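This is what each chain is made of:
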Amino acid sequence: MTDTAVADNPAQSGPESGDGVRRRDFIYVAATSAAGVGAASVLIPLVSQMAPSADVLAESSTELDIGSIQPGQAIKAVFRKQPVFVRRLTPKEIAEAKAVPVDSLRDPQSLEDRTKKGKEEWLITMGVCTHLGCVPLGTGEGEVKGEFGGYFCPCHGSVYDTAARIRKGPAPKNLEVPPYEFTSDTVVKIG
Ligand code: FES
């Protein structure tokens, strides 16, 4: 029997009916529990949407074996669905980065600020231009690196140096350095 069927029958729901009160109680209870079930079924999908799914958790960090990257080479990996650049600087690139007076930079940071102590040959940055988010060139063999030898963003011409610091063009900031740590000499965990 549905709630409507009970409510529509005055003989059953009227005050003169012997069990009218009890039936009204039933309608009230039934309606309350239906609302309760409804609320629960709305809550469960909401809660499951808020909890990170397994693949999101897996992507919250990226572990890379960088042992085979030679000085002067770079790779492009993925971290939280965005490109990340891992570059092994040559002694010349390190010297070029260090030769720039930090306070002359748009986003003043030294190479030391942007690398781990004792590991300054490893430059790890997001591969996302800080202007409007394009992926700069400079990791691939033969790709344009721009006049400062780092990265070049083809979208609007931002130029980054060998420490991935902005040197020219519209980008306001250096390429972002993500949180990372070396878990061994050749393995780095990003995130
Ligand atoms: S997005 Fe890189 S210069 Fe505009």
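Our subject is the structure listed above.
Only a predicted model underlies this, so the values are computations on that prediction, with no experimental measurement involved.

What counts, and where the lines are drawn
Residues numbered from 1 in each chain as written. Predicted model: local features only at pLDDT ≥ 70, side-chain atom pairs only at ≥ 80, totals over all residues. Heavy atoms only, no water. Helix = DSSP H or I, 4+ residues; strand = E, 2+ residues; numbered from the N terminus. Buried < 20%, exposed > 50% of the residue type's maximum accessible area, 1.4 Å probe, protein only. Polar contact = N/O pair within 3.5 Å; in protein donor to acceptor, adjacent residues only side chain to side chain. Contact = heavy atoms within 4.5 Å. Pairing = 2+ DSSP bridges. Axes fitted to C-alpha atoms, helices over the stretch in contact; angles between N-to-C directions. Phe/Tyr/Trp six-rings, centres within 6.5 Å; stacked < 30°, edge-to-face > 60°. Lys NZ or Arg CZ within 6 Å of the ring centre and 35° of its normal.

Draft legend 1. Broad picture of the overall build of the protein chain. The helix and strand tally for the protein chain stands at six helices and nine strands. A burial count over the protein chain gives 32% of its 191 residues as buried.

Draft legend 2. Molecular detail of the side chain of Arg87. Note on placement: Arg87 falls in strand S3 (residues 82-88). In this structure Arg87 comes out as buried when scored by relative accessible area, which is 1%. A polar side-chain atom of Arg87 sits 3.3 Å from a polar atom in the side chain of Glu93. Contacts of Arg87, omitting those with residues within four sequence positions, involve Gln73, Ala74, Glu93, Glu121, Trp122, Leu123, Gly138, Lys145, Gly149, Gly150 and Tyr151.

Draft legend 3. Representation of the sheet that holds strand S6 (residues 159-161) in the model. With respect to topology, three strands assemble into an open sheet ordered S5-S6-S7, the strand pairing being antiparallel. The sheet terminates laterally at strand S5 (149-152) and strand S7 (166-168), the two strands that pair on one side only. Averaged over all pairs of adjacent strands, the angle between strand axes in this sheet comes to 40°, irrespective of strand direction. Relative to S7, S6 is paired through two bridges, and the arrangement is antiparallel. Residue pairing for S7: Val159 is matched across the bridge by Lys168.

Draft legend 4. The packing of aromatic side chains, seen in detail. What the rule picks out here adds up to two aromatic pairs. Between Tyr180 and Phe182, the aromatic rings sit 6.1 Å apart at their centres with planes inclined by 75°, giving edge-to-face as the arrangement. One residue, Lys116, lies across the ring of Tyr180, its end atom 4.6 Å from the ring centre. Over the ring of Phe182 we find Lys119; its NZ or CZ atom is 4.6 Å from the centre of that ring.

Draft legend 5. Representation of the pairing of strand S9 (residues 187-190) within the structure. As paired strands, strand S1 (residues 62-65) and S9 are joined by four bridges and run antiparallel to one another. Paired with Leu64 across the strands is Val188, a residue of S9. Bridging between strand S8 (residues 180-182) and S9 involves three bridges; their strand directions are antiparallel. Paired with Tyr180 across the bridge in S9 is Ile190.

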